[in-house]
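# Overview (structure and organization)
Given next are the chains, with one letter for each unit.
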Amino acid sequence: YQFKDLATRENNRRFLMHLSPRMVLVYAFSPDFSVRAMYGNAFRVASPFEQFISNSIITGLNQKNIKPEEINTYELSADWTFRKKLNWRNTLFYSIFKNQIRSSNGSFTNVIDTRQDGLESELHYRSGNTNWFANYSFVMRIEEISSNPTVAVSNSLIYSPSHSVNGGISQT
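Note that this is a predicted model, so its numbers are computed, not measured.

Rules and cut-offs
- Residues numbered from 1 in each chain as written.
- Predicted model: local features only at pLDDT ≥ 70, side-chain atom pairs only at ≥ 80, totals over all residues.
- Heavy atoms only, no water.
- Pairing = 2+ DSSP bridges.
- Helix = DSSP H or I, 4+ residues; strand = E, 2+ residues; numbered from the N terminus.
- Buried < 20%, exposed > 50% of the residue type's maximum accessible area, 1.4 Å probe, protein only.
- Salt bridge = Lys/Arg side-chain N within 4 Å of Asp/Glu carboxyl O.

One ladder, built from 16 bridges, connects strand S7 (residues 107-127) with strand S8 (residues 130-146); its direction is antiparallel. Paired with Glu122 across the strands is Asn135, a residue of S8.

This next bit is on the pairing of strand S3 (residues 22-30). For S3, the tally of buried residues reaches only 0 of 9 residues, placing the bulk of the element at the surface. Pairing of S3 with strand S4 (residues 33-44), which is carried by 8 bridges, proceeds in the antiparallel orientation. Bridge pairing in S4 links Val24 to Met38.

According to the stated counting rule, one finds 5 salt bridges in the structure shown. Taking the shortest distance from any N to any O, the salt bridge between Glu144 and Arg141 comes out at 2.8 Å. One exposure class covers both Glu144 and Arg141, and it is buried. Where salt bridges share partners, they join Arg36, Asp79 and Arg89 into one cluster.

In structure tokens:
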């Protein structure tokens, strides 16, 4: 993208190229039991609002380089199918989240890096045209690092619970 710096009247060009790979290895021990190892990478650029606040005369900071947030995830999963109706999936995961954009000193900037791990267990059951599911998730923050001493760090999750349970029924 291109932006014009109104304070200096200079034209600046910023280009972002990012490859977001996702790789999966699957090994089926039998038709009813398989194991998967997965890796994924994703990113998010700052929203127009975050960039406006960070680069405006309102804050006077003129921060031109809010880096994209980036996450790397690693997962190990096992699937068991019982009598072709019940499927039980268990997943262990670990993620590294870098350059998280947060509000700091009245502006948005890359402040936080975090690492977390967890597990999820899911049950899926099919009977005729009725499907139901239930799952349990646990996520634990391992580490949170702040590059700004005014931003407090926490080794607990802030915006979501550590434990969650979901369930549902659908008909086709």
